Each structure stands twice: as C-alpha cells, then as structure tokens.
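What follows is the residue order along each chain.
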Amino acid sequence: MKKKALLLLTCSAVLLAGCSGNRVSETVDKISDSISKEQGTPAPTATAAPTSTPGPKETSLTPGGKGTIGDWRICVKKASVKTKINDGKYRQFKPGKGKSFVVVSVSAKNNGAKAQQLLPRIGLENKMISAALIHQDKDEYAPTELIAYNKDLAAETIQAGSTKNGIIAFEVPKKAAKQLKKMKLRIGTKSDYLVYTM
C-alpha cells in the first residue's frame, strides 16, 4: 500500500514540476518497473497485434484463358444455351420444365501423379474441385451430371498427365439462361478458384 501511495505522490510531483508528457511517461514507467521488481511480478509487456487470415485466392479470366488449380490446368473455351443435348442418334438429355442447359466447353489437364476426378462428388472441402454457375452474383447452379455421356466432365476420371476436352452442363431457369452474359463460372476449391466471365 505504501509503495502505491509513493508512486502516486511521485507522479503528482513530476506533473506539478512542469515536465513534458514524454518525461512523465518515462518516469512513471521507471517507477512501475522498480516496484514490479521489488514485488516479484513481471512488468506489463506489449502484446502483438493479431494477424489477419488471408482470404480466398480468386483468378479472373475470360473464355480461352488458362488457369491452374492444384493439380489441374483448366481452360474454359465457351458457353452456350441448349434446349437438349444429343448423345448419338437415339439418346438425348432434356432439362426440366421451364429450364434450359447452359453448356460450358472445358479442357482439363491432370498434372498430378495419379488418376483423379475433375469434379468429384465427395472429398475434402478445401481440396475438392467444384464448379458453380453464378447468375448476377447471387444465384448459383451446380453441374448436372449427364449419366454415361462421354463428353461430360462432371465426375470424370482423368489419367495423370492426360488432357480431356468435354463439357460441364448446368440446368438453369430459361429466364436466367437468356442472360448468359451476366453469368460467371467459378471452378476450384473453397480457398483457390478461377472465375470465368461469360
């Protein structure tokens, strides 16, 4: 208690003596340090400012541009709107009522050491490649898997060192499909992705 009173009196005396703000601060720090040493408590230390976590890495491209995500080298060539996708003479895929397909032509090269799926159905959130078609920066559409269609890259396994050309189809409302120029394709992981402006 006596030491605290001594500290208070010393500070008051220094202030009344007309010392500058810097000198007062230095004097108070010295007295505080000496009291802390006598009491065996460590003097307060400055804490480091918290570091911010970096946000996702986004690479903006236009059709024809190439980008790399993990083991994949991706090139989106073009996008078009279709009312059906033909698979040979007798088979075709049709979208649901009131919808159209937005078909994106893609080239994908697997630069990894083993065969992998370009757009797997399941996987680790930050390592799994996924794709989404985004309309006016708010509505998102997932790829539509065209079962047994050899040009569909959704869930397609590509051998190490190989390139595959194909499509990724999205089933979207007809009204949105008419606004193809207002759409973007995002392909990549949660923290690292390519964004193609159509």
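Treat the numbers as computed from the prediction; the structure is a model and nothing was measured.

About the thresholds
Residues numbered from 1 in each chain as written. Predicted model: local features only at pLDDT ≥ 70, side-chain atom pairs only at ≥ 80, totals over all residues. Heavy atoms only, no water. Core = buried A, V, L, I, M, F, W, Y, C linked by side-chain atoms within 4.5 Å. Buried < 20%, exposed > 50% of the residue type's maximum accessible area, 1.4 Å probe, protein only. Helix = DSSP H or I, 4+ residues; strand = E, 2+ residues; numbered from the N terminus. Contact = heavy atoms within 4.5 Å. Phe/Tyr/Trp six-rings, centres within 6.5 Å; stacked < 30°, edge-to-face > 60°. Lys NZ or Arg CZ within 6 Å of the ring centre and 35° of its normal. Pairing = 2+ DSSP bridges. Axes fitted to C-alpha atoms, helices over the stretch in contact; angles between N-to-C directions.

1. A look at the nonpolar core
Part 1: Core analysis: the biggest nonpolar cluster contains 29 residues, and I74, F170 and L185 have the highest contact counts within it.
Part 2: Mapped onto this core, the elements with two or more residues apiece are β3 (72–82), β6 (99–110), β8 (130–135), β12 (163–173), α3 (174–177), β13 (183–188) and β14 (192–197).
Part 3: Broken down by element, this core gets its largest block of residues, 4 residues, from β6.
Part 4: I74 has contacts with G65, K66, G67, V106, S107, A108, L118, I187, L194 and Y196, leaving out every residue within four places of it along the chain.
Part 5: Counting 8 residues, the second largest nonpolar core, distinct from the first, contains V103, Y149, I167 and A169.

2. Describing the packing of aromatic side chains
Part 1: The tally for this structure, following the rule as stated, stands at 1 aromatic pair.
Part 2: Here the guanidinium or amino end of R186 rests over the ring plane of Y193, the centre of that ring lying 5.9 Å away.

3. Here's the deal with the environment of F170
Part 1: As for its placement among the helices and strands, F170 is situated in strand β12.
Part 2: F170 sits in the buried class, given a relative accessible area of 0%.
Part 3: Separated by 29 residues in sequence, F170 and Y141 place their C-alpha atoms 6.6 Å apart.
Part 4: Beyond its immediate stretch of four places on either side in the chain, F170 contacts S100, F101, V102, V104, A131, A132, L133, Y141, A142, P143, T144 and L185.

4. Some details on the side chain of S105
Part 1: On the secondary structure map, S105 appears in strand β6.
Part 2: Here S105 falls in the buried class, since its relative accessible area comes to 18%.

5. Structural notes on the sheet that holds strand β1 (residues 57–61)
Part 1: With mixed pairing, the 5 strands of this open sheet are ordered in space as β1-β14-β13-β8-β9. Lying at the two open borders of the sheet, with one neighbouring strand each, are β1 and β9 (139–141). Taking each pair of neighbouring strands and ignoring which way they run, the sheet shows an average axis angle of 25°.
Part 2: Across 6 bridges, β8 lies against β13 in antiparallel orientation. Paired with A131 across the strands is I187, a residue of β13.

6. A look at the sheet that holds β6
Part 1: Taking strand neighbours across the sheet as the criterion, the 5 strands line up as β2-β3-β6-β12-β10 in an open arrangement whose pairing is antiparallel. Strand pairing shows two members of the sheet lacking a second neighbour, β2 (66–69) and β10 (143–144), which therefore form its edges.
Part 2: Looking at chain direction, β3 and β6 are connected through 10 bridges and run antiparallel. The residue of β6 that forms the bridge with A79 is V104.

Honestly, that's just the spatial picture; any functional story needs more than this.
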